[in-house]
Amino acid sequence: MSTETPTLEPQLCRRALEALRAGVPNRDAVRLLTPLHKRATEEFAKALRGIEEDNKARGMVITGGFGSGKSHLLEYLRHLGIESHFVCSRVTLSKETPLSDLTKVLRSAIASATLPDRVGPALAELAEGFSADKAPGWAEFFQWVHRTPELDPRFGATLTLFERLASTDEELSEKILADWQGFPLKLSELRGALKSLGSDSDYTLGRPQKNQELLRFAFLTRFFKALGYTGWVILLDEAELISRYGLRARGKAYTHLAQLLGLNEDSRIPGLLVVSAITDDYAGEVLHRRGDRLKVPDKMELAGELPSKIEDAKRGIAAIETTNLSVQVPGREQVRQTHDTLQAVYAAAYDWQPPSLADTLEYAGSTRMRQYVRAWITLWDLKRLYNYTGETVTDSVKLSYDEDKDIEQVVADNDDGPFGPD
């Protein structure tokens, strides 16, 4: 991200303040309030350079307390990635998007994908006006798809159709893009389209093959690179939701975390960089107190899971347990700097000079930056709108790491096997 100080345009400042009021930082907020977590941003920039140089990089796990600024930092990293010409996605893990289900994670990543040079849904934008002749890495990508035996032949078939028909058949193009995200194109329709090109005998097609989830990430990452982008950055927020799954689903989630982070160098996906944010007490509360560090691998072994997946689960657990990238509680000087910046932003947004609050809120080492920011904005709103000098009261939030039956039921509804297909 550019280090230049952005112009304090009123509209930009108001958008940033609305996002900060809601506690959901957006592009404007991170442009105006640069995160103070230098080490994490340096490691991220180093990982981006690694992909630019040799196409591979190990992912990162960032820890921090509730309200410490993890989401703000991820948003900042997203814009660093965009400025380095990466396709960037932001995925908030939830009941609807559990880390135990890679297909849902991929669909969410595609839905949120941002292109550095276009506005709109990423895949649809890339399909519009597509020409293989203008895609610098297309020939290499096309060969990889057709020479990788692990890939379902549907990828080669749909890629051939995309190359030949994407610019002329919008409906078919949409169905192909959906197929790549795990919404299978009807076999009869796929065969019919291939027949229209005289390519129906080139592919042996049947029901969609299982165990293609990670290959979908690899396929789409290479697709982005073939069209000239440096790679694909995926930022996973609120990974602590893993604790709310049942034991079986937690095993799958740890396994998928390791796979996406590329912790096994032999299976690392070229061009993909994944960063995951999780609460800083997760390791103590879940991996140790609840016992996931030992219980999850034991459960997987008893269920007859493949040794490779058990090892990946251990790697995922270790990544959370040993990460040294943390979002620290802000120091006194950092709080004052943020206050002064936010005061200037508020003044520009409403053409009204807010009073200084730097000395009115007592500094405490346990107070999160989000608490300071929302308190300042609230007090200024009250003064500007009602000429009322208010006070703020904050309560500590205690996160629950207990299993949630509702979440587990949603996860279990999509499970098929001891740990299901990857």
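Residues numbered from 1 in each chain as written. Predicted model: local features only at pLDDT ≥ 70, side-chain atom pairs only at ≥ 80, totals over all residues. Heavy atoms only, no water.

Undergrad: Is there a simple way to think about the overall build of the protein chain in this case?
TA: A tally of regular secondary structure across the protein chain gives 18 helices and five strands. Computed over C-alpha atoms, the radius of gyration of the protein chain comes to 24 Å, within 12% of the 22 Å expected from 2.2 N^0.38 for 422 residues, which places it in the range of a compact globule. Dimensions along the principal axes, computed over C-alpha positions, put the protein chain at roughly 75 × 50 × 40 Å. Looking at the 422 residues of the protein chain, the share that counts as buried comes to 52%. (Helix = DSSP H or I, 4+ residues; strand = E, 2+ residues; numbered from the N terminus. Rg over C-alpha atoms; globule rule 2.2 N^0.38 Å. Buried < 20%, exposed > 50% of the residue type's maximum accessible area, 1.4 Å probe, protein only.)

Undergrad: Teacher, can you tell me more about helix α4 (residues 70-83) here?
TA: Residues separated by three or four positions in an α-helix point in the same direction, a consequence of the helix having 3.6 residues per turn. Taking 1.5 Å per residue as the helical rise, α4 with its 14 residues ought to reach 20 Å, and the 20 Å between its terminal C-alpha atoms agrees with that figure. Trailing α4 by a residue or two, His85 shows a phi angle of about 70 degrees, which is positive. (Expected span 1.5 Å × (residues − 1).)

Undergrad: What am I meant to see in the sheet that holds strand β2 (residues 87-92) here?
TA: Sheet strands pair via backbone hydrogen bonds, and the direction of the pair is either parallel or antiparallel. Pairing is parallel across the open sheet formed by five strands, whose spatial order is β2-β3-β4-β1-β5. Strand pairing shows two members of the sheet lacking a second neighbour, β2 and β5 (325-327), which therefore form its edges. Strand-to-strand, the axes of this sheet are offset by a mean angle of 20 degrees, without reference to chain direction. In the sheet, β2 pairs with strand β3 (residues 232-237) via six bridges, with the strands oriented parallel. By the bridge assignment for β3, Cys88 is matched with Val233. Docked against the sheet, helix α3 (residues 38-54) engages β1 (60-64), β3, β4 (272-279) and β5, running at close to 160 degrees with respect to β4. (Pairing = 2+ DSSP bridges. Axes fitted to C-alpha atoms, helices over the stretch in contact; angles between N-to-C directions. Contact = heavy atoms within 4.5 Å.)

Undergrad: Would you mind going over the pairing of β4 with me for this structure?
TA: Walk down a regular strand and you will see the side chains alternate between the two sheet faces. The buried count for β4 comes to eight of eight residues, which makes it a mostly enclosed element. The alternating pattern of β4 places Leu272, Val274, Ser276 and Ile278 on one face and Leu273, Val275, Ala277 and Thr279 on the opposite face, and all of these are buried. Two elements, β1 and β4, share five bridges in a ladder whose sense is parallel. Residue pairing for β4: Thr63 is matched across the bridge by Ile278. Summarising the sheet, β3 and β4 pair through five bridges and their orientation is parallel. The residue of β4 that forms the bridge with Val233 is Leu273. For the segment spanning β3, helix α12 (residues 247-261) and β4, crossover handedness is right-handed. (Right-handed = clockwise from strand over helix to strand, strands pointing away.)

Undergrad: How should I be thinking about the nonpolar core in this particular structure?
TA: Inside soluble globular proteins, nonpolar side chains tend to come together where they are buried. Residues Leu99, Trp138, Phe162, Trp180, Phe223, Trp232 and Tyr254 are the most contacted members of the largest nonpolar core, which totals 83 residues. If sequence neighbours within four positions are ignored, Trp138 has contacts with Phe130, Ala132, Leu159, Phe162, Glu163, Phe223, Ala226 and Leu227. Of all hydrophobic cores here, the second largest spans 24 residues; its members include Met60, Leu80, Val233 and Val327. (Core = buried A, V, L, I, M, F, W, Y, C linked by side-chain atoms within 4.5 Å.)

Undergrad: Mind showing me how you'd approach helix α9 (residues 170-180) here?
TA: Listed in full, the buried residues belonging to α9 are Leu172, Ser173, Ile176, Leu177, Asp179 and Trp180. Projected down its long axis, α9 shows its buried positions confined to an angular sector of 155 degrees, all on one face. Exposed residues on α9 whose side chains face more than 90 degrees from its buried face are Glu170 and Glu171. Here the buried face of α9 lies against α5 (102-111), α6 (122-127), α8 (153-165), α10 (187-196) and α11 (213-226). (Arc of directions from axis to C-beta.)

Undergrad: I keep staring at the side chain of Glu75 and nothing clicks. Help me out?
TA: Relative to the helices and strands, Glu75 is located in helix α4. Taking relative accessible area as the criterion, Glu75 reaches 5% and is therefore assigned buried. Those residues in contact with Glu75 that sit more than four places away from it in its chain are Pro25, Asn26, Arg27, Val30 and Arg90.

Undergrad: How do you make sense of the packing of α3 against α4 when you look at a structure like this?
TA: When two helices pack together, you describe them by how their axes are tilted relative to each other and by the distance separating the axes. Contact geometry for α3 and α4: axes closest at 11 Å, N-to-C directions at 30 degrees. By the angle class used here, α3 and α4 are roughly parallel. Crossing geometry of α3 relative to α4 is assigned as right-handed. Packed against α3, whose contacting residues are Ala40, Thr41, Phe44 and Leu48, the element α4 presents Leu73, Tyr76, Leu77, Leu80 and Gly81 at the interface. Considered class by class, the residues forming the contact of α3 with α4 number seven nonpolar, two polar and no charged. (Parallel < 35°, antiparallel > 145°, perpendicular 65-115°, else oblique. Left-handed = near helix turned anticlockwise from the far one by under 90°. Nonpolar A, V, L, I, M, F, W, Y, C, P; charged D, E, K, R; others polar.)

Undergrad: What should I look at first to understand a nonpolar patch on the surface in this one?
TA: Together, Leu385, Tyr386 and Tyr388 line one region of the surface with nonpolar side chains, adding up to about 390 Å² of accessible area. With respect to the helices, strands and loops of the structure, Tyr386 is situated in helix α17 (residues 369-386). Residue classification places Tyr386 among the exposed positions, given a relative accessible area of 61%. (Patch = residues over 30% accessible without salt bridge, like charges linked within 9 Å, V, L, I, M, F, W, Y side chains within 5 Å. Areas by Shrake-Rupley, 256 points an atom, 1.4 Å probe, with all protein chains shown as cover. Salt bridge = Lys/Arg side-chain N within 4 Å of Asp/Glu carboxyl O.)

Undergrad: Whenever I open this one, the environment of Asp169 confuses me. Can you help?
TA: Structurally, Asp169 is set in the loop between α8 and α9. Here the alpha-carbon distance between Asp169 and Ser94, two residues 75 residues apart in the chain, equals 35 Å. Within polar-contact distance, the side chain of Asp169 engages the backbone nitrogen of Leu172 at 3.0 Å. (Polar contact = N/O pair within 3.5 Å; in protein donor to acceptor, adjacent residues only side chain to side chain.)

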